[in-house]
Amino acid sequence: KALLLEVEAVVVTAFDSATTTTLTVSDGTTTFLSAVDAKAAAGTKYPSSTAVGKYYPAGGTLTVSMAETGAAATVGRAMVTAKYIVLDRQHESQG
């Protein structure tokens, strides 16, 4: 069981594709980031475009996809983070 709190993409190095480079993050039913511009300046942040706080009773999978038009990028780097809480772990101990 998990509760997804936040999804964010950050451009680390702008992609240099000829026309567009976009990133999308989805779990198959909800799109959290939709076609955000990966050609944006380094440091550009894209927070979730959909309200987060989504409950996954049996866990879940997020997929990050990239789409380019024109000549493919030769440089570029982006980082996507997902913050979540694993639920029902109150009986575990660390030590």
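Our structure's up above, just so we're on the same page.
Residues numbered from 1 in each chain as written. Predicted model: local features only at pLDDT ≥ 70, side-chain atom pairs only at ≥ 80, totals over all residues. Heavy atoms only, no water.

(A) Spotlight on the nonpolar core. Formed by 14 residues in total, the largest nonpolar core has its most connected members in L4, V7, F32, L33, V36 and Y46. Counting residues per element, the ones that place at least two in this core are β1 (2-13), β2 (20-26) and β3 (31-37). Looking at which element gives the most residues to this core, the answer is β1, with 4 residues. Ignoring sequence-local partners within four residues, the contact set of F32 consists of L4, V7, V25, S26, D27, S48, S49, T50, V52, K54, Y56 and L62. (Core = buried A, V, L, I, M, F, W, Y, C linked by side-chain atoms within 4.5 Å. Buried < 20%, exposed > 50% of the residue type's maximum accessible area, 1.4 Å probe, protein only. Helix = DSSP H or I, 4+ residues; strand = E, 2+ residues; numbered from the N terminus. Contact = heavy atoms within 4.5 Å.)

(B) Representation of the sheet that holds β2 in the model. Across the sheet, 3 strands lie side by side as β3-β2-β6; this open sheet has antiparallel pairing. Each edge of the open sheet is held by one strand with a lone partner, namely β3 and β6 (63-69). Neighbouring strand axes in the sheet, compared pairwise and without regard to direction, differ in orientation by 15° on average. One ladder, built from 4 bridges, connects β2 with β3; its direction is antiparallel. Pairing of T22 across the sheet is with D37, part of β3. (Pairing = 2+ DSSP bridges. Axes fitted to C-alpha atoms, helices over the stretch in contact; angles between N-to-C directions.)

(C) The arrangement of the pairing of β2 in detail. Here β2 lies mainly inside the structure; 5 of its 7 residues are buried. When β2 meets β6, the two strands line up antiparallel, connected through 7 bridges. By the bridge assignment for β6, T24 is matched with S65. With antiparallel pairing between neighbouring strands as the criterion, β2 and β3 make up a hairpin whose turn holds 4 residues, including G28 at a positive phi of roughly 100°.

(D) Seen up close, the pattern of salt bridges. Enumeration according to the criterion identifies 3 salt bridges in this entry. Between E6 and K83 there is a salt bridge; the shortest N-O distance is 3.4 Å. Within this pair, whereas E6 is found in strand β1, its partner K83 is found in strand β7 (residues 77-86), the two being separated by 77 residues in sequence. The partner of D27 in a salt bridge is K54, with the nearest N and O atoms 2.6 Å apart. Of this pair, D27 sits in the loop between β2 and β3 while K54 sits in strand β5 (residues 54-56), and the two are 27 residues apart along the sequence. Taking the relative accessible area as the measure of exposure, D27 reaches 16% and is therefore buried. K54 gets classed as partly exposed once you look at its relative accessible area, which sits at 22%. (Salt bridge = Lys/Arg side-chain N within 4 Å of Asp/Glu carboxyl O.)

(E) The arrangement of the environment of M66 in detail. When you line up the elements, M66 lands in strand β6. Residue M66 is classed as partly exposed on the basis of its relative accessible area of 44%. Along the sequence, M66 and F32 sit 34 residues apart, while their C-alpha atoms lie 14 Å from each other. Those residues in contact with M66, other than ones at most four positions away along the chain, are F15, T21, T22 and L23.

Nothing here speaks to function; it is all geometry.
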